[in-house]
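Here's the letter readout for the chains.
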Amino acid sequence: MGLKIKKQLTCQEIAEKTVKDRFAYQSAFELEMALRAVQTAKPKVILEIGVANGASIAAWAEACRPDLVIGMDPLTNPKTPEQQKSFDGLMKEFNVQLI
């Protein structure tokens, strides 16, 4: 029984996956450029105001691997069952604290 290690994706791969599979509102290029800029700062905490369905906050968490991820959104409300499933999985995978 070996430990399964996840390959660290590039910012481009994270952005493309986020737009295609996680229902992000940004374009893949726009998100990739933002991820590259934030990743170089190596933040310990990520705070996103306006989480919507959780796509971009998961991208930030995946690209930067901070110690703490906080999402603030009083109206977080995935619109479809697919978005809800994705949202629930992302919140659990990246241990997002939603307020």
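What comes next concerns the included structure. (Residues numbered from 1 in each chain as written. Predicted model: local features only at pLDDT ≥ 70, side-chain atom pairs only at ≥ 80, totals over all residues. Heavy atoms only, no water.)

What to know about the packing of helix 1 (residues 11–21) against helix 3 (residues 55–64)
Point 1. Interaxial distance between helix 1 and helix 3 falls to 10 Å at its minimum, and their mutual angle equals 160 degrees. The angle between the axes of helix 1 and helix 3 places the two elements in the roughly antiparallel class. As helix 1 runs across helix 3, the sense of the crossing is right-handed. For the pair helix 1 and helix 3, the contacting residues are Ile14, Lys17 and Thr18 in the first and Ala55, Ser56, Ala59, Glu62 and Ala63 in the second.
Point 2. In terms of residue class, the contact of helix 1 with helix 3 is made up of four nonpolar, two polar and two charged. (Axes fitted to C-alpha atoms, helices over the stretch in contact; angles between N-to-C directions. Helix = DSSP H or I, 4+ residues; strand = E, 2+ residues; numbered from the N terminus. Parallel < 35°, antiparallel > 145°, perpendicular 65-115°, else oblique. Left-handed = near helix turned anticlockwise from the far one by under 90°. Contact = heavy atoms within 4.5 Å. Nonpolar A, V, L, I, M, F, W, Y, C, P; charged D, E, K, R; others polar.)

Thoughts on unusual backbone geometry
Point 1. Of note in the backbone geometry, Lys42 takes a positive phi value of approximately 50 degrees without being a glycine.
Point 2. Within the secondary structure layout, Lys42 lies in the loop between helix 2 (28–41) and strand 1 (45–49).
Point 3. Although it is not a glycine, Ala52 adopts a positive phi angle of roughly 50 degrees.
Point 4. Position of Ala52 among the secondary structure elements: in the loop between strand 1 and helix 3.
Point 5. Using a relative accessible area of 24% as the deciding quantity, one classes Ala52 as partly exposed. (Buried < 20%, exposed > 50% of the residue type's maximum accessible area, 1.4 Å probe, protein only.)

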